[in-house]
Structure formats: C-alpha cells, structure tokens
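Structural characterization, general
Take a look at the letters that make up each chain.
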Amino acid sequence: MKILDKYILKTFLVPFFATFLIVLFVLVMQILWQTFENIAGKGISLPFILKFLYYTTLGIVPQALPIGVLLSSIMALGSLGENYEFAAAKSAGISLQRLVRPLVFLTIILSGINFLFLNNIFPYATLKQRNLYYNIKKKKPALALVPGSFNSDLPNYQIKFDEKYGEEQNLLKNVLIYQLSNLYGNQKVITAERGKIISEEGSRYMTFILYDGYYYEDHTKAARTPDKRASMPASQATFKEYEFNIDISEVVGDGALDEEKFKNSYNMRTLNQLNDTIPILKNSYDEMLLSRAKTIANITFAKDLYQYNDSLKPKIENQENVLENFDLQQKITILNASISKMNSAHSNVKNNSTSIKYKRKSLNFYDSEFYGRIALSFSCLILFFIGAPLGSIIRKGGFGLPMILAIAIYVIYFFGNTLGKNLAEESSISSLLGSWISTMVMLPVGILLTRRATKDKGIFNVDAILLPISNFFKKMMSKKDKKI
C-alpha cells in the first residue's frame, strides 16, 4: 500500500470512528429514554440492564454505520480541500478518483459488514432485546401501574387512580376499577378512597386491599333466563375494607428475565428465513382471496348471469330490458331476490375486508423487511458517493458545516425510506419500490455531485444563470446610449 493511500485512509478512519461512536451513543440513549419509564424502579439488577443496552446497541449498529460513513466522508474530503492538499495532489497529476480509490474499497467492505450485521446479528439482537424488555416491564406489575390513566396490563381489569405513594409505591389514592369479562364485558365497578397493593416476588397473585369504597355488579348480562334478570338485575354495597386477588401469572410468567415469548416476528428472521416464509404467506393470501371470491360468486349466482346461445332454449322477446318479460309479481320477486343476494355479498365483503387487509399487511411487513435490509446494506456506498464529492466541493473540515450537511442529507434519506416503507405496508406501492425509493432519489444526486467534483466545479453554477441576465441588461443599456 502506498503512503498516499495510508494517509487518505487515516484521514477518513479517525473521524469515522469518532462520528460512528457519537451517533451510536445518541441513538441508544434515545431508545433508552423512551423505555426508561418501564425499566426504572423495578429492582432490575445492573447486569440485566447492561444486557438490555448491549442488545439495543447491536440492533442500532446497522443504522449508525451509514450516518458515520456520510459524516466522516464529508469531514475527511473537506479537510483535505481546506488544507490545500487536493491542490497539491492535482499539481502532482493525481486525480480525485485516484485519491478516493482506497476509500471506495473501504466503503464496500463496510457495506459488506453492514449486510452481515443485518442478516445475522440484527435478528438475534432484536429477539433478545424485545423479550428482555417485555420481561422487565412485566416483572413487577404493581410498579408498572401509572397514575392518572387507565392501566390495562392486568388481565380482565382496567385500573385507574390519582396518586401512588408510600416507600414501596404501593399505596393508591382515589381508586377506580373495572372488572371485565370476555363474554359479558364490564360487569363490576369498584371505587375506593384509598387502596394498597401487595405483590410478592415470584407470586402469581396480586392482592388489592381497598378502603372506604363502593361496589356495584351487574347480573343481567350473566343471567340466562328472563325471570332471573328481572328478579336480580344488579347488586351494590358500600364497604370499609374490601380485599381481592388478581391472577397475574399470564403477564409475569415464572419471573425469568431470559424467557423468550416472542420468536416469530418478521424482524427476528434472517434473509434466508424471510425468503422461505414469504412464498408460504403469499400462497395463503392467494388462497384466501380465491376462497372469498368463490363465496361471493356462489352467493350471487354469478354463473347464471351469463347469457348462453342455445338453440333449444326459447328466445327472450325483450333482450334490452329482461324484466319486461315478466308480470308485476314476478318482477317484485326477482328484484327482492337480487337485493337479498347483493346485501349478502356486500356483508360478506365487509366482514372479510378486515382479515384480508390484516393478512396483506402481514405479508407486506415480511416483503419490506427483506428488501429493506438489502437496501440498507447499500446505503453506506450510496451515502459515501454523496458525502465524498460534497466534502471536496465545500472544502470545510471539522464538525461545523459537515455536521449540518450530513444531518440534512440523512434526514432526507430517512424520510424517503420511512415514507416508502409506510406506503409499501399499506399496499400503495410495491415493497421493492418502497424499500429502494430513497436510493433512487439519492443515486442521481450522488452521480451529479461526483461529476461536478471531478470537474472541480461548485454545487451550482451561478454564472450560468446570472451571466445571460447580465448580458441582456448590458445590451439594453447600449441600445439606449446609441439612441441618445
């Protein structure tokens, strides 16, 4: 390796590691800030918190790597231009393409590393992080209850209270509890001025002790006969102290933080697994559509609507208006039958539309994840060919202007990627187009900047716009002088 190549690589790698670590730290802290409320104050040991941060960091690396490449390429090439090292290289007969050649090979290697992360480490980190976060959140449900809003984490209960206080944060003020039933909905309402929660580590029950409250229970929905509903529609009572238990075994499990409950999400699979799963989902979706279409055809008797030419059948006298061939009673019967069939078909479509949309959206999630990972792998290379020529044009190093430009470019790239993904998930565009739409927007920009940097031109040729206007006014002034 030549001395020049070593120097160019050193100029790029020093800001790359610095910017990559800074961006990684910012993104991890953003996620930690969003999840802090569900982690803090639950008696979770430091090793488990560090493990959560470790898995979160692994999942964020593929997003931080393209930003680091973009920012460091602008800084490195800008620093070379600012220190007149580009001018010295050009005077020695070294072109811009020759200068950035080692950086191109390095970026290709970084794109390959990003692909390996997305295909192997990212699914594993997502699996571990998602399950660990869920287990931490449900480890102490009493501490997970939030004052001022309804809490629905506990099965079959909606709990609201104004304030939570005490040394263990287990005392409640102004409690409102709705007990729900899967069959009959809201049947029991309990209000109390004060309350207390007793929840022991490892226990499958959470005990509520309420003081100075009111109890109401509706029996009409549960009663099977009209006589029982009329005899005892509801019961109510006031109490000084009321105690009951809630089974929380479904949410806390056995208390193990390493337990894995979520394994089949689309972002927890490798590309090979996604490639094997997508055809199965597509076949299932096509079979559902075919089944629904056959059902509608059978409801409407669609085959009977076709007119077949048959010499044995009598010809219809009025071909344009078939109803005119029947009397009034037959017309009414035919129209009522048609309305009934159309209503049945409409109800069938309406009832099945939700399930069809859900199945289509699930398929879109897998498609978008497959193509999105491949597109994100190439983002390092795409953003480099934007950042490198842009840095050589602006000729500014450091964290000032390069940081602003890098943020602006990545915001555009991220917005396009998010927009395309959302449109693909809603079936507005194909998953392939939605995943590559940011690349399709950025690639022409990168080609334009590379060409202008190679020709040693600015981003915009202002003279090409101002010079014709200036010449026009000069001609006008010269004509006026001649007339005078």
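Quick note: structure is the one above.
Remember, it's a predicted structure, so these values are computed and weren't measured experimentally.

Section: the overall build of the protein chain
A tally of helices and strands in the protein chain yields 12 helices and five strands. A total of 484 residues make up the protein chain; the buried ones form 35% of that total. Considering only intrachain contacts with a sequence separation of at least 6, the fraction spanning at least 24 residues in the protein chain is 70%. Summing over all exposed atoms, the protein chain offers an accessible surface of approximately 29,500 Å²; the carbon and sulfur share of this is 60%.

Regarding a nonpolar patch on the surface
Where nonpolar side chains cluster on the molecular surface, the patch consists of Ile22, Phe25, Val26 and Met29 and spans about 370 Å² of accessible area. Positionally, Ile22 belongs in helix α1 (residues 3-39). Judged by its relative accessible area of 43%, Ile22 falls in the partly exposed class.

A look at the environment of Val14
Mapped onto the secondary structure, Val14 falls in helix α1. Assessed through its relative accessible area of 55%, Val14 is described here as exposed.

So, the side chain of Ser379
As for its position among the elements, Ser379 is in helix α9 (residues 328-394). When residues no more than four places from it in sequence are discounted, the contact partners of Ser379 are Pro66, Asn114 and Tyr413.

Side note on the side chain of Glu369
Position of Glu369 among the secondary structure elements: in helix α9. In this structure Glu369 comes out as buried when scored by relative accessible area, which is 10%. A polar atom in the side chain of Glu369 sits 2.9 Å from the side chain of Arg373. Residue contacts for Glu369: discarding those within four places in its chain leaves Phe122, Tyr266, Asn267 and Leu274.

Remarks on the nonpolar core
Residues Leu24, Leu70, Leu77, Leu103 and Ile409 are the most contacted members of the largest nonpolar core, which totals 49 residues. Only α1, α2 (46-82), α3 (85-91), α4 (96-137), α9, α10 (401-425) and α11 (431-454) provide two or more residues apiece to this core. For this core, the leading source of residues is α2, giving 14 residues. Once residues within four sequence positions are removed from consideration, Leu77 is found in contact with Phe86, Leu96, Val100, Leu103, Ala388, Gly391 and Ser392. Membership of the second largest hydrophobic core comes to 19 residues, among which are Ile197, Tyr215, Phe239 and Phe244.

Points about the packing of α10 against α11
Remark: α10 packs on α11, axes separated minimally by 7 Å, with the N-to-C direction vectors making an angle of 160°. As far as their axial angle goes, α11 and α10 are roughly antiparallel. The handedness of the crossing between α10 and α11 is right-handed. Side by side, α10 and α11 meet where Ile409, Ile412, Tyr413, Gly416, Asn417, Gly420, Lys421 and Ala424 of the first sit next to Ser431, Gly434, Ser435, Ile437, Ser438, Thr439 and Met442 of the second. Each residue belonging to the contact of α10 with α11 can be placed in one class, and the counts come to six nonpolar, eight polar and one charged.

Side note on the environment of Asn131
By secondary structure assignment, the location of Asn131 is in helix α4. Put simply, Asn131 and Lys263 are 132 residues apart on the chain and 8.7 Å apart in space, counted from C-alpha to C-alpha.

Some thoughts on α2
Residues separated by three or four positions in an α-helix point in the same direction, a consequence of the helix having 3.6 residues per turn. Relative to the 54 Å expected for 37 residues at 1.5 Å per residue, α2 spans just 47 Å between its end C-alpha atoms, considerably shorter than the ideal helical length. The largest bend in α2 is about 45°, located at Val61, with the proline Pro62 one to four residues further on. Just beyond α2, the residue with positive phi is Tyr84, at close to 60°.

Things to note about α11
With 24 residues, α11 extends 35 Å between its outermost C-alpha atoms, agreeing within 8% with the 34 Å of an ideal straight helix rising 1.5 Å per residue. A maximum bend of about 45° is found in α11 at Ile437. Of all the positions in α11, only Ser431, Gly434, Ser435, Ser438, Thr439, Met442, Gly446, Leu449, Arg452 and Ala453 are classed as buried.

Topic: the pattern of salt bridges
All chains considered together, the criterion is met by four salt bridges. Of the charged contacts in the structure, one is a salt bridge between Glu426 and Lys361, with a shortest N-O distance of 3.0 Å. Of this pair, Glu426 sits in the loop between α10 and α11 while Lys361 sits in helix α9, and the two are 65 residues apart along the sequence. Between Glu369 and Arg373 there is a salt bridge, and its shortest N-O distance comes to 2.9 Å. Residue Glu369 and its partner Arg373 are located together in helix α9, separated by four residues, close to a single helical turn. On the accessibility criterion, Arg373 (3% relative accessible area) is buried.

Parameters and conventions
- Residues numbered from 1 in each chain as written.
- Predicted model: local features only at pLDDT ≥ 70, side-chain atom pairs only at ≥ 80, totals over all residues.
- Heavy atoms only, no water.
- Helix = DSSP H or I, 4+ residues; strand = E, 2+ residues; numbered from the N terminus.
- Buried < 20%, exposed > 50% of the residue type's maximum accessible area, 1.4 Å probe, protein only.
- Contact = heavy atoms within 4.5 Å.
- Areas by Shrake-Rupley, 256 points an atom, 1.4 Å probe, with all protein chains shown as cover.
- Patch = residues over 30% accessible without salt bridge, like charges linked within 9 Å, V, L, I, M, F, W, Y side chains within 5 Å.
- Salt bridge = Lys/Arg side-chain N within 4 Å of Asp/Glu carboxyl O.
- Polar contact = N/O pair within 3.5 Å; in protein donor to acceptor, adjacent residues only side chain to side chain.
- Core = buried A, V, L, I, M, F, W, Y, C linked by side-chain atoms within 4.5 Å.
- Axes fitted to C-alpha atoms, helices over the stretch in contact; angles between N-to-C directions.
- Parallel < 35°, antiparallel > 145°, perpendicular 65-115°, else oblique.
- Left-handed = near helix turned anticlockwise from the far one by under 90°.
- Nonpolar A, V, L, I, M, F, W, Y, C, P; charged D, E, K, R; others polar.
- Expected span 1.5 Å × (residues − 1).
- Bend = angle between axes of the 7 residues up to and from the residue.

Distances and angles like these do not, on their own, reveal function.
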